[in-house]
Amino acid sequence: MTEKKIMEKIVSLARRRGFIFPACEIYGGLANAYSFGPYGTELKNNIKRLWWKMFVEDREDMVGIDGPIILHPKVWEASGHLENFNDALVDCRKCKNRFRADHLVEKETGRDMEGKLEAMSEVLEREKIKCPKCGAHDWTRVRDFNLMFKTEMNGIRGPVYLRGETAGAIFCDFKNILDSMRVKIPFGIAQIGKVFRNEIMARNFIFRLREFEQMEIEYFINPKADWEKVFDKWLKLQREFALRLGVKEKDLRHFEHPKAKLSHYSKKTVDIEYHFPFGFKELFGLAYRTDFDLAQHARVSGAELKYFDQESGQKFIPHVIEPTFGLERSVLAAILAAYSEEKVKGETRVVLSLPKDVAPVKAAILPLSKKPELINLAKEVLGDLKQSFVLEYDETQSIGKRYRRQDEIGTPYCVTIDFDSLKDKAVTVRDRDTMKQDRVKIQELKKYLREKLS
Ligand SMILES: [Zn+2]
């Protein structure tokens, strides 16, 4: 299968089976925005739950918050987003399309000129670089375009911004957490939520979106601590989380940002990249941000953002290690890693072998036919189990087609109620991955599924 073909198949399955739809389709769509359908939402929520459990609930050194999307505009002044969170853009005067200038220059000349606006304008002229859309050579000057989404708020003079990362709220709440919680360095604050970036080009399905969710941690350490050790520990945990999504070790790699290209605040940044069909691309990121954020927020706000260490009697601004996880990218990686096609009796079987804890539906209850006595028994079984598991009941179409549908949405178990069930009070449970079938007493079904799903 070619790589383009795999993406096409994933996009089509996602839409056909109710995972992910193009947003506002009845109005012709909106700039590569997507909506999560019923199964996509379950999958996404399961990934969030897994993350929250692994990084917040199961640890002693973490607390979670849920801050607002619109923060005080000064937050973005302090963090440098208003000044530095830019893309270099250039317009074709002929066809009016807009492009990332650094991408154009790099594609044509192989040179990385990020951030050098004047030099890029010169290269576009000198090398007679043509517009990829219409072939003309008629460029505007290259200029910076800020990625923050601007809006207004009643009672506030000047613009406010939709957050470009979740970290801002965490730093704002740092003092409140110190004052209200029993936290001791090292500790972390975690948050999951929407962020907004006014990208020139959203692309690759849900990989690059203008509106997406981040799962982010700011982990505060003593400036004298061995930050490299903490950094490596987080890197390992991020890989571990990727494996929990069903991603294979061989499809992961690390990319360390060269020193010269590091963000203004970072001492070390590593991307955990996944082998998407369109190449190795960032799935998660890890950065050592030193005391940049807290020091900046202290300076701009005038608040004292120091930690008092009772043992040493010292006060200091903690340093921070920031692991960040893209949620939609995690969903895409989980679907890609789970997708397979196999030949079964001359037919193609499409299966999403999602890990059981992230699969949207845990088991499907399927009466073999629409005979009332089978439907009644199936509804009884459903009633017994639905408090314990996310289930789906389906009585339409042939049993083969219903199995296919459940395979395609990644349901680990199909429970079939047949005519023998009326006599032996047992059902057939089919395993998604092995297609093996077990005969299980209805009385023992809850216990059976609980064991299999744990
Ligand atoms: Zn053009």
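Model, not experiment: these values are computed from the prediction.

### What to know about the overall build of the chain
Then step 1. Secondary structure summary: the chain contains 14 helices and 24 strands in total.
Then step 2. In terms of overall dimensions, the chain has C-alpha extents of about 80 × 65 × 45 Å along its principal axes.
Then step 3. Classification of the 454 residues of the chain by burial places 50% in the buried group.
Then step 4. Of the contacts made within the chain by residues no fewer than 6 positions apart, 64% connect residues no fewer than 24 positions apart.
Then step 5. Carbon and sulfur atoms form 49% of the exposed surface of the chain, whose accessible area is close to 23200 Å².
Then step 6. A distance of 3 Å separates the average location of the 80 positive side-chain charges in the chain from that of its 70 negative side-chain charges.

### What about the pattern of salt bridges?
Then step 1. Taken as a whole and assessed by the stated rule, the structure comprises 37 salt bridges.
Then step 2. Note that E213 and K48 form a salt bridge whose closest N and O atoms lie 3.0 Å from each other. Here E213, found in strand β11 (residues 211–221), pairs with K48, found in helix α2 (residues 38–57); they are 165 residues apart in sequence, far enough to count as distant.
Then step 3. Two residues, D357 and R244, come together in a salt bridge whose shortest N-O distance is 3.4 Å. Here R244 lies in helix α8 (residues 227–244) and D357 lies in the loop between β19 (347–352) and β20 (363–367), a separation of 113 residues in the sequence.

### Quick word on the pairing of strand β14 (residues 279–290)
Then step 1. The sheet contact formed by strand β13 (residues 268–276) and β14 spans nine bridges and is antiparallel. Looking at β14, one finds that Y274 is bridged to K281.
Then step 2. Relative to strand β17 (residues 319–326), β14 is paired through six bridges, and the arrangement is antiparallel. When the sheet's bridge partners are listed, G285 is paired in β17 with T324.

### What to know about the domain arrangement of the chain
Then step 1. Split into domains, the chain comes out as domain 1 (37–75 + 149–336), domain 2 (86–146) and domain 3 (361–453).
Then step 2. On a C-alpha basis, the centroid separation for the pair domain 1 and domain 3 is 41 Å.

### So, unusual backbone geometry
Then step 1. Cis geometry marks the peptide bond from I185 to P186, where omega comes out at 5°.
Then step 2. Mapped onto the fold, P186 is located in the loop between α7 (167–180) and β10 (187–196).
Then step 3. We note that N32 has phi near 55°; this positive angle belongs to a residue other than glycine.
Then step 4. Secondary-structure assignment places N32 in the loop between β1 (20–22) and β2 (34–36).
Then step 5. N32 sits in the partly exposed class, given a relative accessible area of 26%.

### A few points about the sheet that holds strand β23 (residues 426–431)
Then step 1. Spatially, five strands are ordered β21-β20-β22-β23-β24 in an open sheet, and the strand pairing comes out mixed. Each edge of the open sheet carries a strand with a single partner, namely β21 (391–393) and β24 (437–441). In this sheet, adjacent strand axes meet at a mean angle of 25° when their direction is disregarded.
Then step 2. In this structure, β20 lies alongside strand β22 (residues 413–417), joined through five bridges in parallel fashion. Bridge pairing in β22 places A364 opposite C414.
Then step 3. Each of β20, β21, β22, β23 and β24 is contacted by helix α12 (residues 399–409), which is oriented at about 170° to β20, the strand it contacts most.

### Focus on the coordination of the zinc ion
Then step 1. Protein coordination of the zinc ion is provided by C92 (SG), C95 (SG), C131 (SG) and C134 (SG), with donor distances spanning 2.3 Å.
Then step 2. Considering all four donor atoms around the zinc ion, angles at the metal cover 106 to 114° and the coordination shape is tetrahedral.
Then step 3. Donor residues binding the zinc ion come from one chain and are separated in sequence as C-x2-C-x35-C-x2-C. Within this pair, whereas C92 is found in the loop between β5 (86–91) and β6 (98–100), its partner C134 is found in the loop between α6 (117–126) and β7 (143–146), the two being separated by 42 residues in sequence.
Then step 4. Given a relative accessible area of 32%, C134 falls into the partly exposed group.

### Remarks on the packing of α2 against α8
Then step 1. Here α2 crosses α8 at 145°, and the two axes come no closer than 11 Å. Pair α2 / α8 crosses with right-handed handedness. Each of I47, L50, W51, M54 and F55 in α2 lies in contact with α8, whose residues at this interface are W234, L237, E240, F241 and R244.
Then step 2. Here the contact of α2 with α8 is built from residues that sort into eight nonpolar, no polar and two charged.

### Remarks on the pairing of β23
Then step 1. The buried count for β23 comes to six of six residues, which makes it a mostly enclosed element.
Then step 2. Pairing analysis gives four bridges linking β22 to β23, with the strands arranged antiparallel. Paired with C414 across the strands is R430, a residue of β23.
Then step 3. If you look at the hairpin formed by β23 and β24, you'll find five residues sitting between the two strands, and M435 has a positive phi there, around 60°.

### Quick word on the sheet that holds β14
Then step 1. Strand order in the open sheet formed by seven strands is β3-β10-β11-β17-β14-β13-β12, with mixed pairing between adjacent strands. With partners counted over all chains shown, the strands left at the sheet margins are β3 (62–64) and β12 (252–256), one partner each. Taken pair by pair, the neighbouring strands of this sheet meet at an average axis angle of 25°, ignoring direction.
Then step 2. Taken strand by strand, α7 contacts β3, β10, β11, β14 and β17, and its axis lies near 145° from that of β10.

### A word on the packing of aromatic side chains
Then step 1. All told, the structure shown has 25 aromatic pairs when counted by the stated rule.
Then step 2. With a centroid separation of 5.1 Å and an interplanar angle of 70°, the aromatic rings of F207 and F276 are classed as edge-to-face. Placement of the pair is F207 in the loop between β10 and β11 and F276 in strand β13, with a sequence separation of 69 residues. Note on accessibility: F207 and F276 belong to one class, buried.
Then step 3. Arranged with centres 5.4 Å apart and planes meeting at 65°, the rings of Y219 and W234 form a pair that is edge-to-face. Of this pair, Y219 sits in strand β11 while W234 sits in helix α8, placing them 15 residues apart in sequence.

Conventions used here
- Residues numbered from 1 in each chain as written.
- Predicted model: local features only at pLDDT ≥ 70, side-chain atom pairs only at ≥ 80, totals over all residues.
- Heavy atoms only, no water.
- Helix = DSSP H or I, 4+ residues; strand = E, 2+ residues; numbered from the N terminus.
- Buried < 20%, exposed > 50% of the residue type's maximum accessible area, 1.4 Å probe, protein only.
- Contact = heavy atoms within 4.5 Å.
- Areas by Shrake-Rupley, 256 points an atom, 1.4 Å probe, with all protein chains shown as cover.
- Lys, Arg positive; Asp, Glu negative; His and termini not counted.
- Charge placed at Lys NZ, Arg CZ, Asp CG, Glu CD.
- Salt bridge = Lys/Arg side-chain N within 4 Å of Asp/Glu carboxyl O.
- Pairing = 2+ DSSP bridges.
- Domains from an automatic or database assignment.
- Axes fitted to C-alpha atoms, helices over the stretch in contact; angles between N-to-C directions.
- Donors = N, O, S within 2.8 Å, 3.2 Å for Na, K, Ca; no water.
- Tetrahedral: all angles 85-135°; square planar, octahedral: opposite > 155°, others 65-115°.
- Left-handed = near helix turned anticlockwise from the far one by under 90°.
- Nonpolar A, V, L, I, M, F, W, Y, C, P; charged D, E, K, R; others polar.
- Phe/Tyr/Trp six-rings, centres within 6.5 Å; stacked < 30°, edge-to-face > 60°.

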